[in-house]
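Here's the letter readout for the chains.
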Amino acid sequence: MSAKRGYEAESSTANKKALPYTTYEEAHQALQTLKRTSISDEVQEHEERAIATIDTANLASMVMRQLGVRVSAQLCVHPETNAGRVGKALVQALETSNASMCCEIYMALINIFEAKDQFIKTLDTDTLRQLNTAVHRDLANSQHHLRGAALAMLMHVADDALDIVRRFTTDAHAKVRQAALAAIQQAQMQGTLLPLELYDDCVAATKDTTEQVRLLAADLVWAVASAHSEHTVDDTRLIDDAFIRVCDMVNDGAVRVRQRACVVLGRFRAVDAQYLAQTLSKQLMSHMKRVQRGPARGYAGRNSGVKSSNPTPSGAAIPTPTGDANVGDLRILDSGAAGAFVHALEDEFQEVRDAAIESILELSSGSNEFAARAVDFLVDMFNDSSDRVRIRAIRALTALGARSLIRATTEQLSIAESAMRDSSSSVRCRMYEFLAHVSVPDTAALLSLVQAFKANLETYPGDLPRIFAAISSIGRRHGHLIGAPAVRSLLGISELYLSREPRIDDTLYAASVVLLVNARKAHRSVIAAALPDFVFRHLPYLQDKYPGSLPADIVELVPTRLSFVRRMLDRPGFDPAVDKMARDDSLRQAAAAFEAMCIQIQETINNEVPASTLQQSALAVMKMKESESRHKAVARYAELVALVLRAQDIMRSNGLPRYRELASLAARIMYGSYSLEARTLGLHTGCCRALAYLRVFAHAIWLISHAELKHTARVKAKMHEEFRTRLSLYTGRKQPIFAELTELSATDTADNPDELVRFIRNFKALEFMPQSRCQYATASVELATPSRRSQQEFNHLFPLSLQVNAQICWVMRRDRVLMAVTLPTQKICAMRPPPAAFKPMRDLHWSLEWHNAPLSLPLGSGEPASVALSVALLHPADVPWSDLFIVDGSLVPVSYDISNYYKGAAEL
């Protein structure tokens, strides 16, 4: 009670000293306020209160002091605060704080140092000396969490930090060892050259009993070895020794350590070829002599701890036993690298297998010999149980084939043909790309591969463009394997008997023709002599039906006696020069249309332009194929601005406002702004601010559309309270445009609707100019039902399982992707696909393969009905209650129980 009375006595002089925070809610509210305010008076008030909270040592709980520290950390990175004064208060609090409080202060200071580069210059010399003394004092503390926090702080204040931190890599507590290695890694990431002496400590840490320590050690072993790659250890380069050390971690018991080891292996460069080859073989390599030449600098060698009953003289090699193989006086290499990638590719966790495939691809870029050895192992991954691993293996082989042609064996081709029958369209498409970079060994293998392509054409006709592209590439590379017997086998004709002419629209027959006619010029004479005349007569039709599949000089293959065929093939067609001119002209037209639309938007902001003119310009830009994603985003914004102009025309008309039309325009503007913000990837803050400003306008005209309804006082207050909530999101900001919103939020729009009407009539849209790198999210549903019948019977008592395949492009967060299903009753229900259904294709591109999507259908009438599937993006609303009505386009009922909305939301 005496401490409380003393505190009350101090608080009575409020003008002289600020009051500290006394409740958790008060400090938490201060944190939220600092994130969105830029008013210097408010920031200074919180600065005084935070310092008072830290300095108040007689509070009943230390929790409030910790909250004061967090508020101080937020203050130091704020542009309107005196960072030096707050930082000095934090450092002085280290002298009177317990261990947990000191940890909180150290973490706050570290966050400030990382967020504000010039923070150290705001501290005076005495404060820095006091901080340095406190850090060195706490390094000797018996509590491990304080030693760890002091180590992290040491990297920011001491010049000889690495020498001190190195001593703690062998600390008795695992958390301290982890903090020491994390501090070393942070220094390395900031550009510090790690000394060679750290290598021994990092190697010892790879055998630590704690998983987090081993994770950090794997990265640091590579970092130190890369900085001193040519240093030798027992006649072995340091980079090779580190490579073997990390290979040994592939056999670790922890999944994360095995995955990290595989990732780190891909970073190594200039590793000796013998060690690379050892990773793909489980047999120990013995024909590599390593001689012990006395004590070496740094690490003493991997066999330094092995003792023999008959020690050999210094400088002599360890004798090897004689056997069937005469290996001589050689030393067997350690088993660290033996079969490292073999074990990783056979790991039970797909994360480890993924990392191993990526590292093999990275290492193959520096060694053709290693790349040739890795092909067989990567082909075996086609049989993996995970779609993601199979796709990753195929992508790796495709990248290897793009660098150098892959010479596949008959066994490898057999595995590839089996993988072509995969049910996943993503796997099949990747497989077609890989086979386009493959060289087959003989004619029999070529014919077998073509038959596999034809089988896929029958099973998956939608893959025809990709299959024909792969067959064209194979034909260009294997003309030397195609003779008269192969031609007859491919076309199904007999050497002795007359054969029936195949149907010209038969895709299987077209696949054989595409393979034959794409042979190089040196082999065309042999093929042309074996081709029957009907093949030449079909070429003009195939050229038109499958553009790009036949070579440009196909006319040279046709005999001169078939002059009418040559004339049809030689007709004016594609000219690259003309096509480039046409494309350049289209690009100029698209740029000109975009500039004209931007000028009209600017005129709309400054003056008055008819809404129809602006909307026509936006539609013209949208229809141009050469328009960039940025152009189309601005065009969609122009359409929203045109809707704003139309709403303003309605409000300026002499007659009564058309309330229903205003509600419809509010729905279109609100939904359009959310859709543009959610689907456009790469919008900067200014563009998001412009879209949010449109939503304020949509909310305002929606309120006007309810003017004719006599709502109850409670509902009317709720509607205008929601509008003020939206305005509060933008009050207190420095931009001039938000000053009007701040003034409007201070007005009671329920009792003074004239201010709302004035805001609508004087509203001017903000500039909207996204960056050139922005992309627009798209999605296409490829397959919606696994049934082969055109109609599917269902029982409404049980959910119907659908197979959904979709391609989703330019989406960053897959957890926001929903599958929207429109039922026969026109009701829309949304389902969230499981994370395992998303297969990454490339950056921000996903393949959705949901094989058992549950769908509960209403009671059927026995008549055929259909459901519509679409992909939707989940986007958080600014004001959920009002936006739900606005986007739906419906009016709020006159007597509406607001609690029902929250009850329904809770049940969802």
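So, here's what we can say about the structure. (Residues numbered from 1 in each chain as written. Predicted model: local features only at pLDDT ≥ 70, side-chain atom pairs only at ≥ 80, totals over all residues. Heavy atoms only, no water.)

**Topic: unusual backbone geometry**
Residue Ala 270 is not a glycine yet carries a positive backbone phi of 60 degrees. Looking at the secondary structure, you find Ala 270 in the loop between helix H14 (255–265) and helix H15 (273–278). Here Ala 270 falls in the exposed class, since its relative accessible area comes to 60%. A positive phi angle, near 60 degrees, is found at Trp 810, a position not held by glycine. (Helix = DSSP H or I, 4+ residues; strand = E, 2+ residues; numbered from the N terminus. Buried < 20%, exposed > 50% of the residue type's maximum accessible area, 1.4 Å probe, protein only.)

**Side note on the packing of aromatic side chains**
In total, this model carries 13 aromatic pairs according to the counting rule given. Ring geometry for Phe 382 and Phe 434: centres 5.7 Å apart, planes at 75 degrees, overall edge-to-face. In this pair, Phe 382 is assigned in the loop between helix H18 (368–380) and helix H19 (387–403) and Phe 434 in helix H21 (residues 425–435), connecting sequence segments 52 residues apart. In this structure Phe 434 comes out as buried when scored by relative accessible area, which is 3%. Site record: aromatic cluster; members linked through ring pairs are Tyr 693, Phe 697, Phe 759 and Phe 763. Residue placement shows Arg 428 over the ring face of Tyr 460; its charged tip is 3.6 Å from the ring centre. Positioned above the aromatic ring of Trp 881, the side-chain terminus of Lys 718 is 5.5 Å from the ring centre. (Phe/Tyr/Trp six-rings, centres within 6.5 Å; stacked < 30°, edge-to-face > 60°. Lys NZ or Arg CZ within 6 Å of the ring centre and 35° of its normal.)

**Section: helix H22 (residues 443–459)**
Along its 17 residues, H22 runs 25 Å from first to last C-alpha, staying within 8% of the 24 Å computed at 1.5 Å per residue. Taken together, the buried positions of H22 are Ala 445, Leu 446, Leu 449, Val 450, Ala 452, Phe 453, Lys 454, Asn 456 and Leu 457. Where H22 is buried, its residues contact helix H20 (410–419), H21, helix H23 (464–477), helix H24 (484–491) and helix H25 (507–517). (Expected span 1.5 Å × (residues − 1). Contact = heavy atoms within 4.5 Å.)

**Some thoughts on the nonpolar core**
In this structure, Tyr 106, Phe 382, Phe 434 and Phe 453 are the most contacted members of the largest nonpolar core, which totals 167 residues. Sequence-distant contacts of Phe 434, that is, excluding residues within four places in its chain, are made with Phe 382, Ile 394, Leu 397, Thr 398, Ile 406 and Ala 416. Leu 691, Phe 759, Ile 760 and Tyr 776 belong to the second largest nonpolar core, which has 52 residues in total. (Core = buried A, V, L, I, M, F, W, Y, C linked by side-chain atoms within 4.5 Å.)

**Concerning the packing of H23 against H25**
Viewed as axis vectors pointing N to C, H23 and H25 meet at an angle of 30 degrees, and their least axial separation amounts to 8 Å. Taken together, H23 and H25 sit at an angle that is classed as roughly parallel. Touching Leu 464, Phe 468, Ile 471, Ser 472, Ile 474 and Gly 475 of H23 are Thr 507, Ala 510, Ala 511, Val 514 and Leu 515, all from H25. Counted by class, the contact of H23 with H25 contains 8 nonpolar, 3 polar and no charged residues. (Axes fitted to C-alpha atoms, helices over the stretch in contact; angles between N-to-C directions. Parallel < 35°, antiparallel > 145°, perpendicular 65-115°, else oblique. Nonpolar A, V, L, I, M, F, W, Y, C, P; charged D, E, K, R; others polar.)

**As for the state of the cysteines**
Counted under the stated rule, the structure contains 0 disulfides. In this model Cys 247 remains outside any disulfide bridge; the closest cysteine sulfur is found in Cys 262, 8.9 Å from its own. Owing to a relative accessible area of 0%, Cys 247 belongs among the buried residues under this scheme. (Disulfide = S-S within 2.5 Å.)

**Considering helix H36 (residues 753–761)**
Listing the buried residues of H36 in full gives Leu 756, Val 757, Phe 759 and Ile 760. Looking straight down H36, one finds its buried side chains confined to an arc of 160 degrees; they lie on one side. (Arc of directions from axis to C-beta.)

**Section: the sheet that holds strand S9 (residues 817–822)**
Reading across from one edge, S10-S9-S13 is the order of the 3 strands in this open sheet, with antiparallel pairing throughout. Among the strands making up the open sheet, the edge pair consists of strand S10 (828–831) and strand S13 (868–873). Adjacent strand axes in the sheet meet at a mean angle of 30 degrees, parallel and antiparallel pairs treated alike. Bridge analysis of S9 against S10 gives 4 bridges, and the strand direction is antiparallel. (Pairing = 2+ DSSP bridges.)

**A word on the side chain of Arg 258**
By secondary structure assignment, the location of Arg 258 is in helix H14. Taking the relative accessible area as the measure of exposure, Arg 258 reaches 8% and is therefore buried. Once residues within four sequence positions are removed from consideration, Arg 258 is found in contact with Met 249, Val 250, Asn 251, Asp 252, Gly 253, Asp 347, Phe 349 and Val 352.

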